Amino acid sequence: MPEPIKVLSQHPPGGRCTLYARYAGELSSSLHLAMRVIHTDCRDAHGEGFPSMRVNGVVLQPSDGVILSPEDICTGLKNGGVDLSACTDLLSRLDAIMERFLGEAV
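Reading guide: rules and limits
- Residues numbered from 1 in each chain as written.
- Predicted model: local features only at pLDDT ≥ 70, side-chain atom pairs only at ≥ 80, totals over all residues.
- Heavy atoms only, no water.
- Axes fitted to C-alpha atoms, helices over the stretch in contact; angles between N-to-C directions.
- Helix = DSSP H or I, 4+ residues; strand = E, 2+ residues; numbered from the N terminus.
- Parallel < 35°, antiparallel > 145°, perpendicular 65-115°, else oblique.
- Left-handed = near helix turned anticlockwise from the far one by under 90°.
- Contact = heavy atoms within 4.5 Å.
- Nonpolar A, V, L, I, M, F, W, Y, C, P; charged D, E, K, R; others polar.
- Buried < 20%, exposed > 50% of the residue type's maximum accessible area, 1.4 Å probe, protein only.
- Right-handed = clockwise from strand over helix to strand, strands pointing away.
- Pairing = 2+ DSSP bridges.

Enquirer: Tell me about the packing of helix 2 (residues 70-79) against helix 3 (residues 90-105), and please be specific about residues and values.
Expert: Helix 3 packs onto helix 2 with a crossing angle of 140 degrees between their chain directions and a minimal axis gap of 9 Å. Put simply, helix 2 runs oblique to helix 3. Note on packing geometry: the crossing formed by helix 2 with helix 3 is right-handed. Taken together, the residues of helix 3 that come into contact with helix 2 (itself represented by Pro 70, Glu 71, Ile 73, Cys 74 and Leu 77) are Leu 90, Leu 91, Leu 94, Asp 95 and Met 98. Its residues assigned to classes, the contact of helix 2 with helix 3 comprises eight nonpolar, no polar and two charged.

Structural data, given as structure tokens:
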């Protein structure tokens, strides 16, 4: 069975690759889902290359066309059939990851 959460990343990871891996780590921990980071040389944001995040084989698409937000991820999880009821604070946890990421970029 494929991993429910998969991140396609360059090596070494850049900004969005790092952010998506952090998101995936939180999802794995909070929802007890398997995750995997795959390093690739293929640049294809939100497609078949990096930076991309997949849920149950479906590539998540950012609503702004650039970077996945916590809301995009929660929507993608729900659409991918992942039950979020066990982790009611998931959105706030993902928001905290995004805020830390943005703070590091300054």
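Moving on from the model shown.
Enquirer: Please set out the packing of helix 1 (residues 15-31) against helix 3 residue by residue, giving values where relevant.
Expert: Running from N to C, helix 1 and helix 3 cross one another at 155 degrees; their axes reach a closest spacing of 10 Å. In terms of axis orientation, helix 1 runs roughly antiparallel to helix 3. Here helix 1 runs over helix 3; the crossing is right-handed. Here helix 1 contributes Gly 15, Arg 16, Leu 19, Arg 22, Tyr 23, Glu 26, Leu 27, Ser 30 and Leu 31 to the contact with helix 3, which in turn contributes Leu 90, Arg 93, Leu 94, Ile 97, Met 98, Phe 101 and Glu 104. By residue class, the composition of the contact of helix 1 with helix 3 is nine nonpolar, two polar and five charged.

Enquirer: Describe helix 2, and please don't skip the residues or the numbers.
Expert: Buried within helix 2 are the following residues: Pro 70, Asp 72, Ile 73, Cys 74, Gly 76 and Leu 77. Positioned one or two residues after helix 2, Gly 81 has a phi angle of 85 degrees, which is positive.

Enquirer: I'd like a description of the pairing of strand 1 (residues 5-9), backed by residues and values.
Expert: With five of five residues buried, strand 1 lies mostly within the body of the structure. Every second residue of strand 1 is oriented toward a common face, with Ile 5, Val 7 and Ser 9 on one face and Lys 6 and Leu 8 on the other, all of them buried. Where the polypeptide runs from strand 1 across helix 1 and back to strand 2 (residues 35-39), its parallel neighbour, the crossover connection is right-handed. The pairing of strand 1 with strand 3 (residues 52-55) spans four bridges and is classified as antiparallel. Note that in strand 3 the partner of Leu 8 across the bridge is Ser 52.

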